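Listed below, chain by chain, are the residues.
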Amino acid sequence: MKIWLDGGLQDTESARVSVFDHGLTVGDGIFETVKAVNGRPFALTRHLDRLARSARGLGLPEPDADEVRHACAAVLEANPMPLGRLRITYTGGHGPLGSDRGEHGPTLLVALGDTARRPDSTAVITVPWTRNERGALTGLKTTSYAENVVALARAREQGASEALFGNTVGRLCEGTGSNVFVVLDGEIHTPPVASGCLAGITRALAVEWTGATETDLPMDVLRRADEIFLTSTLRDVQAVHRVDDRELPGAPGPVTAKAMRIFDEHATADLDP
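Nothing here was measured: the structure is a model prediction, and the numbers come from that model. (Residues numbered from 1 in each chain as written. Predicted model: local features only at pLDDT ≥ 70, side-chain atom pairs only at ≥ 80, totals over all residues. Heavy atoms only, no water.)

**Student:** Account for the packing of helix H5 (residues 201-210) against helix H7 (residues 254-269), with residues named and values stated.
**Tutor:** In the contact formed by H5 and H7, the axes pass within 10 Å of each other and the chain directions differ by 105°. Considering their axes alone, H5 and H7 lie roughly perpendicular with respect to each other. Of the residues in H7, those touching H5 at Thr-202, Leu-205, Ala-206, Trp-209 and Thr-210 are Ala-259, Ile-262, Phe-263, His-266 and Ala-267. Split into classes, the residues belonging to the contact of H5 with H7 amount to seven nonpolar, three polar and no charged. (Axes fitted to C-alpha atoms, helices over the stretch in contact; angles between N-to-C directions. Helix = DSSP H or I, 4+ residues; strand = E, 2+ residues; numbered from the N terminus. Parallel < 35°, antiparallel > 145°, perpendicular 65-115°, else oblique. Contact = heavy atoms within 4.5 Å. Nonpolar A, V, L, I, M, F, W, Y, C, P; charged D, E, K, R; others polar.)

Here it is, written out as structure tokens:
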């Protein structure tokens, strides 16, 4: 396998990032996960736009979009596979052990791993921890991902593939790596960005393509929604057949199935929507 690290392709066995990289020592970094289909990235422009927004929000210099595109193309060409997870990581670079940044400049890493198409439906749980809709990192896709690791581990222990968070005022927010949609009386709703959720790329496309409405939703909507589905880079649109101890038989339901079909059709027609 070949990865891109600070200006060129390297073998994974020999590539090295400094032990003093701020992304390692204090989680000072951002990232994007991009779906790659037969060596071609999906929605790369939107991902690069969000990478730049996250950099600005974290106070990092904006990455050079042309360099990142070149790095992605080089990694995809060097590692052919039918379906891949392309990961772009951009950190504060070599720095001190404390929170202050160093003067060496950022680290850029692009790597690729193979993946498989997700099942049509999955199980999720809710967790007692909250998203802070007013936090300094709210809305930024950062490498400070430890609370997601903890929540996802709990989900796996309970036979689920995702954990859903509320925010500090008890409203539905998001999953550890996904956005959540509910169907009420035939209409699709998803929490607004003001809830503290990440403005997911797949979320935005699903809203545009299905006409979903951004709605402030209580957590108990998960107990009464007719259908529930998740969106993310590698899930696309995925139905939920169980949330906690509530079963949703027949998932994907008719509205979700239509959303899945619409998303697939649009994504196939345009790889950079």
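**Student:** Explain a negative patch on the surface to me, using residue names and the numbers behind them.
**Tutor:** There is a patch of like negative charges on the surface, built from Asp-6, Asp-64, Asp-66 and Glu-67. For Asp-6, the location among the structural elements is in the loop between strand E1 (2-5) and strand E2 (8-11). (Patch = residues over 30% accessible without salt bridge, like charges linked within 9 Å, V, L, I, M, F, W, Y side chains within 5 Å. Areas by Shrake-Rupley, 256 points an atom, 1.4 Å probe, with all protein chains shown as cover. Salt bridge = Lys/Arg side-chain N within 4 Å of Asp/Glu carboxyl O. Lys, Arg positive; Asp, Glu negative; His and termini not counted. Charge placed at Lys NZ, Arg CZ, Asp CG, Glu CD.)

**Student:** Describe in detail the sheet that holds E2, supporting the description with residues and values.
**Tutor:** Strand order across the open sheet formed by six strands is E2-E1-E6-E5-E3-E4, with antiparallel pairing between neighbours. Single-partner strands in this sheet number two, and they are E2 and strand E4 (40-41). Pairing of strand E3 (residues 29-37) with strand E5 (residues 83-91), which is carried by nine bridges, proceeds in the antiparallel orientation. Across the sheet, residue Val-34 finds its bridge partner in E5, namely Leu-86. Here helix H2 (residues 44-58) sits on the sheet in contact with E3, E4 and E5, set at roughly 175° to E3. (Pairing = 2+ DSSP bridges.)

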